[in-house]
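Tertiary structure, described
The chain contents come next:
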Amino acid sequence: MKHLINIENLTTEEINQIYNRALDFEKGIRKANHLNAHIVNMFFENSTRTKMSFEMAENKIHTNKYDFIANTSSIQKGEDLFDTINNLSAIGMNVIIMRHQDNELVENLSKKNYFQEISFINAGSGTKSHPTQALLDFYTIKKHFLNLSDKTIVIVGDIAHSRVAKSNINLLKKFNMKIRCLAPENLTGEKIEGVEYFVSLKEAFEDVDIIMALRIQKERLQEKIDFDEYIKNYQITKDNLPYAAFLMHPGPINKDIEINSNVFELQNARTILNQAKNGVYVRMAVLDMILNAQGL
Ligand code: CP
């Protein structure tokens, strides 16, 4: 694996390989030392979980890591991103982990011939793709359920603006999971083949195994949202959460909007912090595979 840009490019074998390697890291069976690897974290959008778990993963597999801070970099003097990356490559960086608001930028950079020495990892691109989040969600689901093909997931909330939803749908379809999306019409976005769409929470939550709630992305909303109406019809509460359903959320959570605070005391919600924890093992696995492919 040279780059990790999106889920579409991964086979089920590669996804299972990442799963198994992450599991070995979690169990302590696998250790890695990449003392010659130099990794830059370039986050142009805010992040807590993705950035911190990549940093933890970089430390655990003994790489050299660098934080690129756009606001104090020469981008502020007008240098463009292509020149910036050319210079990072010349300095000797091997991997760039990038989060950016542009849907296509990291993919386009990974295709440039003159950045041949560098591997790119997409840490979230606009509203399009968040592959390591989908991989850690898959890891969390598979560890619990083992077989996915007879399971049903409902993804609830701001699907239109969610790169997490798109990457998860892409991945879980590969494993024949039954996928439902639940959102008001203005947050549904473009419909995806093979997904069942609902506007009624009661119908969507029938016989469901997993519920994945999504954050309403206020920073990306063009349209006005009636939050009282959203809460009335779509908020997950103690009363509407099916007893045995596994509750997931990629974070950050708008508490008392997509999930009522009273839900966090339930066993069902423990998954949410496990997702954050699992992100470290999955990112260790992805980095280890990419660095091994580079001979580092
Ligand atoms: N899930 C996720 O991407 O969280 P952060 O934005 O905090 O990285």
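Calculation rules
- Residues numbered from 1 in each chain as written.
- Predicted model: local features only at pLDDT ≥ 70, side-chain atom pairs only at ≥ 80, totals over all residues.
- Heavy atoms only, no water.
- Buried < 20%, exposed > 50% of the residue type's maximum accessible area, 1.4 Å probe, protein only.
- Helix = DSSP H or I, 4+ residues; strand = E, 2+ residues; numbered from the N terminus.
- Pairing = 2+ DSSP bridges.
- Right-handed = clockwise from strand over helix to strand, strands pointing away.
- Near = heavy atom within 4 Å.
- Polar contact = N/O pair within 3.5 Å; in protein donor to acceptor, adjacent residues only side chain to side chain.
- Nonpolar A, V, L, I, M, F, W, Y, C, P; charged D, E, K, R; others polar.
- Domains from an automatic or database assignment.
- Expected span 1.5 Å × (residues − 1).
- Contact = heavy atoms within 4.5 Å.
- Phe/Tyr/Trp six-rings, centres within 6.5 Å; stacked < 30°, edge-to-face > 60°.
- Lys NZ or Arg CZ within 6 Å of the ring centre and 35° of its normal.
- Buried area = accessible area lost by both parts, 1.4 Å probe.
- Salt bridge = Lys/Arg side-chain N within 4 Å of Asp/Glu carboxyl O.

**Description of the pairing of strand β6 (residues 178-182)**
The element β6 is largely enclosed, with a buried count of four among its five residues. Of the pairings in the sheet, the one linking strand β5 (residues 152-156) to β6 comprises five bridges and is parallel in character. Looking at β6, one finds that Ile153 is bridged to Ile179. For the crossover from β5 across helix α6 (residues 163-174) to β6, the handedness is right-handed. In the sheet, β6 pairs with strand β7 (residues 195-198) via four bridges, with the strands oriented parallel. Along β7, the bridge assignment pairs Ile179 with Val195.

**With respect to the site of the ligand**
The ligand sits among Ser47, Thr48, Arg49, Thr50, Arg99, His130, Gln133, Pro250 and Gly251. Within the side chain of Arg49, a nitrogen or oxygen atom sits 2.9 Å from an oxygen atom of the ligand. The separation between an oxygen atom of the ligand and a polar side-chain atom of His130 is 2.9 Å. Among the residues making up the shell around the ligand, the classes are represented as one nonpolar, six polar and two charged. Mapping the shell around the ligand onto the domain boundaries places at least three of its residues in each of domain 1 (12-129 + 279-293) and domain 2 (131-275).

**Digging into helix α2 (residues 49-60)**
Spacing of three or four residues puts side chains on the same side of an α-helix, whose turn is 3.6 residues. Taking 1.5 Å per residue as the helical rise, α2 with its twelve residues ought to reach 16 Å, and the 16 Å between its terminal C-alpha atoms agrees with that figure. Those residues of α2 that sit buried are Thr50, Lys51, Ser53, Phe54, Glu55, Ala57 and Glu58. Along its buried surface, α2 packs onto β1 (38-43), β2 (64-68), β3 (95-100), β4 (119-125), α5 (131-145) and α9 (271-293). Count one or two residues on from α2 and you reach His62, which has phi positive near 60 degrees.

**Observations regarding the packing of aromatic side chains**
One pass over the structure, following the stated rule, counts six aromatic pairs. Seen from their ring centres, Phe145 and Phe246 are 5.2 Å apart, and the 80 degrees between their planes marks the pair as edge-to-face. Of the two residues, Phe145 is situated in helix α5 and Phe246 in strand β9 (residues 246-248); the sequence distance between them amounts to 101 residues. Pairwise contacts between aromatic rings join Tyr19, Phe138, Tyr139 and Phe175 into one cluster. Note that Arg283 overlies the ring of Phe54, its terminal NZ or CZ placed 5.1 Å from the centroid.

**Quick look at the domain arrangement of the chain**
By domain assignment, the chain separates into domain 1 (12-129 + 279-293) and domain 2 (131-275). Here the C-alpha centre of domain 2 lies 26 Å away from the C-alpha centre of domain 1. Counting residues at the interface gives 26 residues for domain 1 and 22 residues for domain 2. Around 2000 Å² of area is buried between domain 1 and domain 2 when both sides are counted, 61% of it from carbon and sulfur atoms. Looking only at domain 1, the three residues that lose the most surface to domain 2 are Ile15, Tyr19 and Thr127, adding up to 30% of its buried area. If you look at where domain 1 meets domain 2, you find two salt bridges. Residue Lys143 is joined to Glu26 by a salt bridge in which the shortest nitrogen-to-oxygen separation is 2.8 Å. At the boundary of domain 1 and domain 2, one finds seven residue pairs in polar contact (both at pLDDT 80 or more). When residues of the side of domain 1 that touches domain 2 are traced back to their parent elements, those giving at least two are α1 (12-27), α2, β3, β4 and α9. Tallying contributions element by element places α1 first for the side of domain 1 that touches domain 2, with eight residues. Looking at the side of domain 1 that touches domain 2 residue by residue, the classes come out as ten nonpolar, ten polar and six charged.

**Digging into the pairing of strand β8 (residues 210-213)**
Alternating positions in β8 separate into two faces, Ile210 and Met212 on one and Ile211 and Ala213 on the other, with burial throughout. Bridge count for β5 against β8 is four bridges, and the pairing is parallel. Its bridge partner lying in β8, Val156 is registered against Ala213. In this region the chain leaves β8, passes through helix α8 (residues 227-234) and returns to the parallel neighbour β9; the handedness of that crossover is right-handed.

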